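Summary of the model geometry
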Amino acid sequence: MLNNSQIRYCLDKMAEMFPNAHGELNHSNPFELLIAVLLSAQCTDALVNKVTKNLFKKYKTPEDYLNVPLEELQNDIRSIGLYRNKAKNIQKLCRMLIDEYGGMVPTDRDELTKLPGVGRKTANVVVSVAFGVPAIAVDTHVERVSKRLGICRWKDSVLEVEKTLMKKVPKEEWSITHHRMIFFGRYHCKAQNPQCEVCPLLDLCREGKKRMKRKDQS
DNA sequence: AACTCGGGGCA
DNA sequence: TGCCCAGAGTT
């Protein structure tokens, strides 16, 4: 298991590798951010950005999403996977925002999680990006990178990964940590073909050293 | 813990 | 063609 200074070293290296790491799902207001993150499940952010570009011209408020038939909203996000459930969730979510939150996006993480289609990861992204609340959103990239490097254990749940990171990283760096690990995981420490040969973290990476050894033997 | 939703992008 | 993608809900 890596100690705090080793983790610090890893995060600094990631920052060097991706100096302009930032959330591409950043939007001007919390409501648009929430919709965008909700749409982004199991699909690339490039595709989400393409769809939301037109979507947000047509739909500005929660009311706008409720003023069209479900089929029309589904059609408007058709090019995104899982669009049937996502459209249903968006309409339910907008109904809840109006009925229970005065049409505003709640600023509390636990309140956000009550909304349909909004899990812990989505809620963490919204509170950290839109409201500046320190939070680490653990997605598949963050989870994989944490486990490979040895920041946490292999069998740890997503929640345990989040808790470990919060314990080992200073609070004021939680949000940026999330973005650094995402970029590192997406473009370098990839699920399928990790670039261990040219990785600056190889010397202290548990999984990387194992992989390189296997490669030598074969 | 495993299963399902799902069209687009890329090899 | 086949495989994967800034997940969440249900069983």
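Since this is a predicted model, take the numbers as computed values, not measurements.

The UniProt entry lists residues 39-187 under the feature "domain: HhH-GPD" (unreviewed entry), expressed in the numbering used here. With 66% helix and 0% strand, residues 39-187 has its two end C-alpha atoms placed 21 Å apart.

Taken together, the neighbourhood of DNA strand B is formed by Gln42, Cys43, Leu47, Lys50, Arg78, Ser79, Gly81, Leu82, Tyr83, Arg84 and Asn85. Taken together, the sugar and phosphate atoms account for 62% of what DNA strand B places within 4 Å of the protein. Separating a base nitrogen of DNA strand B from a backbone N or O atom of Gln42 is a distance of 2.6 Å. Here a phosphate oxygen of DNA strand B sits 2.7 Å away from a polar atom, N or O, in the side chain of Lys50.

Counted under the stated rule, the structure contains 13 salt bridges. Of the charged contacts, one joins Glu173 and Arg8 as a salt bridge, the two residues approaching to 2.9 Å between their closest N and O atoms. Pair noted here: Glu173 is in the loop between α10 (158-168) and α11 (174-187) and Arg8 is in helix α1 (residues 4-17), with a separation of 165 residues, a long-range link. Its salt-bridge partner being Asp110, residue Arg109 comes within 3.7 Å of it at the nearest N-O pair. On the accessibility criterion, Arg109 (24% relative accessible area) is partly exposed. On the accessibility criterion, Asp110 (49% relative accessible area) is partly exposed. A single network of salt bridges, built from pairs that share partners, joins Arg109, Asp110, Arg120 and Glu162.

Rules of the game
- Residues numbered from 1 in each chain as written.
- Chains lettered and ligands numbered in written order.
- Predicted model: local features only at pLDDT ≥ 70, side-chain atom pairs only at ≥ 80, totals over all residues.
- Heavy atoms only, no water.
- UniProt positions renumbered as here; feature names shortened; annotations may be inferred.
- Helix = DSSP H or I, 4+ residues; strand = E, 2+ residues; numbered from the N terminus.
- Near = heavy atom within 4 Å.
- Polar contact = N/O pair within 3.5 Å; in protein donor to acceptor, adjacent residues only side chain to side chain.
- Salt bridge = Lys/Arg side-chain N within 4 Å of Asp/Glu carboxyl O.
- Buried < 20%, exposed > 50% of the residue type's maximum accessible area, 1.4 Å probe, protein only.

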